[in-house]
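# Survey of secondary and tertiary structure
What follows is each chain in one-letter form.
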Amino acid sequence: MIPHRALLLVLALGAAACATAATIRLPEGPWAPDPLAADAFESASALCRGVRTLTAEIAVRGQAGRSRVRGRVLAGFERGGALRLEAPAPFGAPIFILVSRANRATLWLPRDRRVLRGAPVEDVLEAITGLPRSSDDVLALLAGCLSSDVTPAGSGQSGPGGWMAMDLAGGIRAFLARDGAVWRIEAGHRDAGTGGAAWSVSYAEFSSGFPGSVTIRQDPPGGGPSASALTFRISQLETNVPVDGRAFDVAIPADAQPLTLEELRQSGPLADRGNRP
């Protein structure tokens, strides 16, 4: 059996948590059509839509299914499905290194000398965090765009408190708020009826136009109790700086033992069935 803590995306795995993951509060209507919303969304999304590469140090905390998690990850992304996530340990080899090209992942667990090759990034991230996301979706999420596809699918609306809302491709709704003279995407959600799990996102602590804090909650299919809700605190952020392509590769020793996606799922936090409320 693969050690449970080595499979978690964030460094440390705490005791199984019986409390329900936190709920993100989203703006409420009534909403009315507003022709100004399209321009507001174009302005709010311009910066994050222009991000082609992103590197950062990310502190992660929250709840993945029934497990409380906390730690940090060194992250690098390049548009087109390239990713590197490395979880450093206080001493010795990293907890894990996850890399991808064209959204095909290699997960290396150096302490256990196990390797998973060729799986879609979204399947690997779902197995260990409960959040199925492609590399480009994670890049866009951290940059403040909710998703890699933010094509407007409506004319937009305005609501109480100065909020505006814009429906996007894939059943996503973005909520915009004004920060002085600037519009920002401050929250968003997708309903379960759009062909996938329901999720919601909130952004805070903006600096130079980018969020310094990202909270995402994803409910399990069928509305079960084991929602995932993680907060990412982003520091050392750099965007659109060339990234050495070697960052998206990892050297695997010849004696590494194979790891299957099913093994990863069975040992991941959402499969922790030994502890119940």
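Let me begin by describing the structure that accompanies this report. These numbers come from a predicted model, not from an experiment. (Residues numbered from 1 in each chain as written. Predicted model: local features only at pLDDT ≥ 70, side-chain atom pairs only at ≥ 80, totals over all residues. Heavy atoms only, no water.)

### Digging into the overall build of the protein chain
- The secondary structure content of the protein chain amounts to four helices and 16 strands.
- Taking all 277 residues of the protein chain together, the buried fraction comes to 50%.
- For the protein chain, long-range pairs separated by at least 24 residues make up 56% of all intrachain contacts whose partners lie at least 6 apart in sequence. (Helix = DSSP H or I, 4+ residues; strand = E, 2+ residues; numbered from the N terminus. Buried < 20%, exposed > 50% of the residue type's maximum accessible area, 1.4 Å probe, protein only. Contact = heavy atoms within 4.5 Å.)

### Thoughts on the nonpolar core
- With 62 residues, the main nonpolar core has Phe-77, Leu-85, Leu-98, Leu-107, Val-124, Leu-176 and Leu-264 as its most contacted residues.
- The leading source of residues in this core is helix H3 (residues 135–143), at six residues. (Core = buried A, V, L, I, M, F, W, Y, C linked by side-chain atoms within 4.5 Å.)

### Some details on the environment of Ala-56
- Looking at where Ala-56 falls in the secondary structure, it is placed in strand E3 (residues 53–64).
- Sequence separation between Ala-56 and Gly-76 is 20 residues; the distance between their C-alpha atoms is 6.6 Å.
- If we skip the residues at most four places from it in the chain, Ala-56 touches Val-73, Leu-74, Ala-75, Ile-234, Ser-235, Gln-236 and Leu-237.

### Some remarks on the pairing of strand E12 (residues 182–190)
- Both strand E11 (residues 172–179) and E12 contribute to a ladder of eight bridges, which runs antiparallel. By the bridge assignment for E12, Ile-172 is matched with Arg-190.
- Sheet topology places E12 next to strand E13 (residues 199–204); four bridges connect them, and they run antiparallel. Considered in E13, the bridge of Arg-190 is made with Trp-199. (Pairing = 2+ DSSP bridges.)

### Thoughts on unusual backbone geometry
- Looking along the chain, the bond that leaves Gly-29 and enters Pro-30 is cis, with omega of 15°.
- Position of Pro-30 relative to the elements: it lies in the loop between strand E1 (12–16) and strand E2 (32–33).
- Positive phi, close to 55°, is recorded for Arg-113, a residue that is not glycine.
- Its location among the elements puts Arg-113 in the loop between strand E7 (104–109) and strand E8 (114–120).
- Overall, the relative accessible area of 34% leaves Arg-113 in the partly exposed class.
- Positive phi values are uncommon outside glycine, yet Leu-146 reaches one of about 70°.
- When you line up the elements, Leu-146 lands in the loop between H3 and strand E9 (157–158).

### Here we look at the pairing of E3
- For E3 and strand E4 (residues 67–78), the ladder comprises 12 bridges, and the chain directions are antiparallel. What sits directly across from Gly-62, in E4, is Val-69.
- Between E3 and E4, which pair antiparallel one after the other, the connecting turn spans two residues, and Gly-65 there sits at a positive phi close to 65°.
- Bridging between E3 and strand E15 (residues 228–239) involves nine bridges; their strand directions are antiparallel. Across the sheet, Thr-55 pairs through a bridge with Glu-238, a residue of E15.

### Some details on the pattern of salt bridges
- Taken as a whole and judged by the stated rule, the model has 11 salt bridges.
- For Arg-84, the salt bridge identified is with Glu-86, shortest N-O distance 3.0 Å. Comparing Arg-84 with Glu-86, the two get one shared label, buried.
- A salt bridge links Asp-255 to Arg-113, with the nearest nitrogen and oxygen atoms 2.8 Å apart. Here Asp-255, found in the loop between E15 and strand E16 (257–258), pairs with Arg-113, found in the loop between E7 and E8; they are 142 residues apart in sequence, far enough to count as distant. (Salt bridge = Lys/Arg side-chain N within 4 Å of Asp/Glu carboxyl O.)

### Notes on the state of the cysteines
- All chains considered together, the criterion is met by one disulfide.
- At a sulfur-sulfur separation of 2.0 Å, the disulfide partner of Cys-48 is Cys-145. Taking the torsion about the S-S bond as the criterion, the Cys-48 to Cys-145 disulfide, at about 70°, is right-handed. With Cys-48 in helix H1 (residues 37–49) and Cys-145 in the loop between H3 and E9, the pair connects residues that are 97 residues apart, well separated along the chain. (Disulfide = S-S within 2.5 Å.)

### Details of the packing of aromatic side chains
- Throughout the structure, instances matching the rule amount to one aromatic pair.
- Over the ring of Trp-31 we find Arg-173; its NZ or CZ atom is 5.7 Å from the centre of that ring. (Phe/Tyr/Trp six-rings, centres within 6.5 Å; stacked < 30°, edge-to-face > 60°. Lys NZ or Arg CZ within 6 Å of the ring centre and 35° of its normal.)

### Focus: the side chain of Glu-86
- Here Glu-86 lies in strand E5 (residues 82–87).
- Of the polar contacts made by the side chain of Glu-86, one reaches the side chain of Arg-84; its length is 3.0 Å.
- Here Glu-86 is in contact with Arg-72, Val-73, Leu-74, Pro-94, Phe-96 and Ile-97, once residues within four sequence places are set aside. (Polar contact = N/O pair within 3.5 Å; in protein donor to acceptor, adjacent residues only side chain to side chain.)

### A few points about H1
- An ideal rise of 1.5 Å per residue puts 18 Å on 13 residues; H1 measures up with 17 Å between its terminal C-alpha atoms.
- Roughly 25° is the biggest bend found in H1, and it falls at Ser-43.
- Among all positions of H1, only Ala-37, Ala-40, Phe-41, Ala-44, Ser-45 and Cys-48 are buried.
- For H1, the secondary structure elements touched by its buried residues are H3, E9, strand E10 (164–168), E11 and E12. (Expected span 1.5 Å × (residues − 1). Bend = angle between axes of the 7 residues up to and from the residue.)

So, to be careful, I would describe these as geometric facts and stop short of saying anything about function.
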